[in-house]
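# Descriptive structure summary
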Amino acid sequence: MTSLTTRPAAQVAKARAGVGGALGRRLGLPEAQWHLWPADAASGLTGGSDEAGPVTDAEAAAMAAAPMPPGRPIGTSLRYVLREGDLMFGYSRRYGDVFRSDLAGGPGRVVIVSNPAHIKSLMTASPSVVPSATRFSPLRPIIGPDSVLTSIGARHKQQRGLLLPQFHGRAVASYQERIVSATAAGIDAWQPGTPVRLADIGQQITLDVIMSAVFGIEVASVATGTSGSARDATPAERAVRTSMVRLLHLSTLPIATVAQLLNARSSEPRGLLRMVLRPLDAAIYAVIAERRRDGIDRPDGGGRTDILAVLMAARGDDGNPLGDSEIRDELLTLVLAGHETTYNSVAWTFERLTRHPEVYARAVEAANDGDRAYLGAVINESMRTRPVVPVVARELLQPWRFGEYGIDRGIVALVSILMLHHRDDLYPRPFAFDPDRFIGVKPSPHQLMPFGGGNRRCLGAGLAMAELEVVVTEILRRVDLETTDRPAERPRHRNVTMIPTDGGLVTAVARR
Ligand code: HEM
């Protein structure tokens, strides 16, 4: 088994004073970086009034105004994009679990909440009163305004209804074989002895799975063009994969943060983003044209059952099919939302496991013994402590009460999943990595919510859980991992996701 070193205190101090620390200090961020807080630290998030729900304008005006940390919108936005977690924990320690902020990009004035009762009031309210704030999503310039993720109202209901069956129980079970073979291929290609970013290995696996589900192609052929009995990927389909990998790689570079800020208030891609999207769009439109040429856009799906066939066969209330740009938006949404989140969850899981040797040893044992309960608890604890999507947003079209505070209509409520998952009153020792807390426990949907909630709950949650279970179990069973002696990886914010800075860096010392 691996020898895993614990970090000397001096190293932790050095990490705190590192780039993140220096930049953070200049921006006036709290000194301690939350991901380095010791297991016994308290978040300070506890108690408070659970009262929440819609109120009248007069009632809201008569209530106290939620605290508003000082600072100019541009500075706050920059801090938010660079070190969201530190900002959130810093503010919540000072102001409690309801506070306001003013952001220069995106939604402008927001209220940030993390009390489960407050969150439940939003997630169970009618979407006509509290729609998803997707019009401010940083993904909107990339995936367009009309996809299942960015639309609201009737359009969202229709698109979600069309796609949901593709991600429900039986459909997910039919993807199982693809998940297993993509995972086996990913692990077989892994060279022991050199440090690897688990995000890269996970990306290969999860991208192959979602591409295979969307385009109905053999997993092995997605990247290479070779396959067994099922249909091979066409050159255009492989070009989609290549451009997608390039887009995601570019989005990890510092320049991407600038591009994100420049695109913050637009629904059309601008500048660098536009340039980067061009080859990806060309590849997607080529796949659609290929299908139309082959007559696979008929209402019967032309004999195909993959997700693209379902989209091309769909007819709206007016009897018309979806246009090419609508199909492009939907495909890009599924491929993008369908794998970046999942592979970063894999990376975080091992980033956490390799820094907790006793838990890691138990997880290996569980994988070998087929103990799914423990493995499920590991995945839950990983998504609790490092939620890849740390915030979801809802727009308040009616004034709302959160505890003692009244919030005006027109404000966007940011539900901080990260803070919810670190409440002292829900999770004692919230900064500890302790899967045992989930053994024999079915967490309530408003206490553990890595997949968001309500009518916008992640469409691919079932597929994601199936992938996480297979990938995590197989890596535990087949590869002996050693961590670096670096401190815990810093969470980095990219568009809507929170990802490990080094991609979950590990070294496989041996294959079993
Ligand atoms: C561990 C992996 C994943 C995580 C943590 C995750 C998380 C989320 C979250 C937090 C939301 C927003 C929910 C809200 O606003 O309340 C979301 C939405 C969505 N996710 Fe995922 N997701 C994952 C994997 C997937 C996969 C595999 C797919 C497959 C296609 C997918 C497709 C979507 C779509 C289409 C939406 C928009 C749903 C809507 O607005 O109706 N996600 N996801």
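Values in this document were obtained by computation on a predicted structure and should not be read as measured data. (Residues numbered from 1 in each chain as written. Predicted model: local features only at pLDDT ≥ 70, side-chain atom pairs only at ≥ 80, totals over all residues.)

### Let's talk about the overall build of the protein chain
The number of helices and strands found in the protein chain is 20 helices and twelve strands. Within the protein chain, buried positions represent 47% of all 512 residues. Of all intrachain contacts in the protein chain linking residues separated by at least 6 positions in sequence, the fraction that spans at least 24 positions is 74%. (Helix = DSSP H or I, 4+ residues; strand = E, 2+ residues; numbered from the N terminus. Buried ≥ 20, exposed ≤ 12 C-beta atoms within 10 Å, placed from the backbone. Contact = placed C-beta atoms within 7 Å.)

### A word on the pairing of strand E2 (residues 98-102)
Relative to strand E3 (residues 109-113), E2 is paired through five bridges, and the arrangement is antiparallel. If you follow Phe99 over to E3, its bridge partner there is Ile112. Where E2 hands over to E3, the hairpin turn is made up of six residues, of which Gly106 adopts a positive phi near 75 degrees. (Pairing = 2+ DSSP bridges.)

### Describing the site of the ligand
Around the ligand, the structure places 25 residues, and the nearest of them are Gly338, Thr341, Gly452, Cys458 and Gly460. Put simply, the parts of the chain that give the shell around the ligand at least two residues each are helix H15 (324-337), helix H16 (340-353) and helix H20 (461-478). Per-class residue counts for the shell around the ligand are 13 nonpolar, nine polar and three charged. (Near = placed C-beta within 6 Å. Nonpolar A, V, L, I, M, F, W, Y, C, P; charged D, E, K, R; others polar.)

### Brief notes about the sheet that holds strand E6 (residues 400-402)
One open sheet holds the three strands; their spatial order is E1-E6-E7, and the pairing between them is antiparallel. Each of the sheet's edge strands pairs with one partner strand only, and the pair in question is strand E1 (52-54) and strand E7 (405-407). Put simply, the sheet's adjacent strands are angled 20 degrees from each other on average, direction ignored. Relative to E7, E6 runs antiparallel, the two being bridged by three bridges. (Axes fitted to C-alpha atoms, helices over the stretch in contact; angles between N-to-C directions.)

### Some remarks on the nonpolar core
Counting residues in hydrophobic clusters, the biggest one holds 124 residues, and the most contacted among them are Val111, Val214, Val335, Ala363, Ile407, Ala413 and Val415. Counting residues per element, this core draws most heavily on helix H9 (residues 198-215), which supplies eleven residues. Apart from residues lying up to four places away in sequence, Val111 is in contact with Ala66, Val98, Arg100, Phe402, Ile407, Ile411 and Ala413. (Core = buried A, V, L, I, M, F, W, Y, C linked by C-beta atoms within 7 Å.)

### Here we look at the packing of helix H17 (residues 357-369) against helix H18 (residues 372-385)
Between H17 and H18, the shortest axis-to-axis distance is 8 Å and the interhelical angle comes to 135 degrees. Judged by the inter-axis angle, H17 sits oblique to H18. Crossing of H17 against H18: the hand is left-handed. Where H17 abuts H18, its residues Arg362, Ala363, Ala366 and Ala367 lie against Tyr374, Leu375 and Val378. By residue class, the composition of the contact of H17 with H18 is six nonpolar, no polar and one charged. (Parallel < 35°, antiparallel > 145°, perpendicular 65-115°, else oblique. Left-handed = near helix turned anticlockwise from the far one by under 90°.)

### A few points about the packing of H9 against H15
One way to put it is that H9 packs onto H15 with a least axis distance of 9 Å and a crossing angle of 150 degrees. In terms of orientation, H9 lies roughly antiparallel with respect to H15. Crossing handedness for the pair H9 and H15: right-handed. Judged by residue contacts, Ile210, Met211 and Val214 of H9 engage Leu331, Leu334 and Val335 from H15. Looking at side-chain class alone, the contact of H9 with H15 contains six nonpolar, no polar and no charged residues.

### Focus on H9
Residues spaced three or four apart along an α-helix face the same direction, because each turn holds 3.6 residues. Across its 18 residues, H9 extends 25 Å between first and last C-alpha, which sits within 8% of the 26 Å expected from 1.5 Å per residue. Immediately beyond the C-terminal end of H9, within one or two residues, lies Gly216, with a positive phi of roughly 70 degrees. (Expected span 1.5 Å × (residues − 1).)

### A word on the sheet that holds E3
The mixed open sheet is built from four strands, whose spatial order is E2-E3-E8-E5. A single partner strand is all that each edge strand has here, and the edge strands are E2 and strand E5 (391-395). Each adjacent strand pair in this sheet contributes to an overall mean axis angle of 30 degrees, direction not counted. Strand contacts of helix H4 (residues 73-95): E2 and strand E8 (412-416), with the helix running at about 165 degrees to E2, the strand carrying the most contacts. Most of the contacts of helix H5 (residues 116-123) go to E8, to which it runs at about 130 degrees, and overall it touches E3, E5 and E8.

### Description of H18
If you check H18, its first and last C-alpha atoms are 20 Å apart, about what 14 residues at 1.5 Å a residue would give, namely 20 Å. All of the buried residues along H18 are Leu375, Ala377, Val378, Ile379, Glu381, Ser382, Met383, Arg384 and Thr385. Tucked inside the fold, the buried residues of H18 contact H16, H17 and H20.

### Notes on the environment of Asp208
Tracing the backbone shows Asp208 in helix H9. As a C-alpha pair, Asp208 and Ile179 span 29 residues in sequence and 8.5 Å in three-dimensional space.

### Digging into unusual backbone geometry
Even without being glycine, Arg429 reaches a positive phi, approximately 50 degrees. Here Arg429 is to be found in the loop between helix H19 (417-420) and H20. A residue is classified by how many C-beta atoms lie within 10 Å of it, and Arg429, with 14 of them, is partly exposed.

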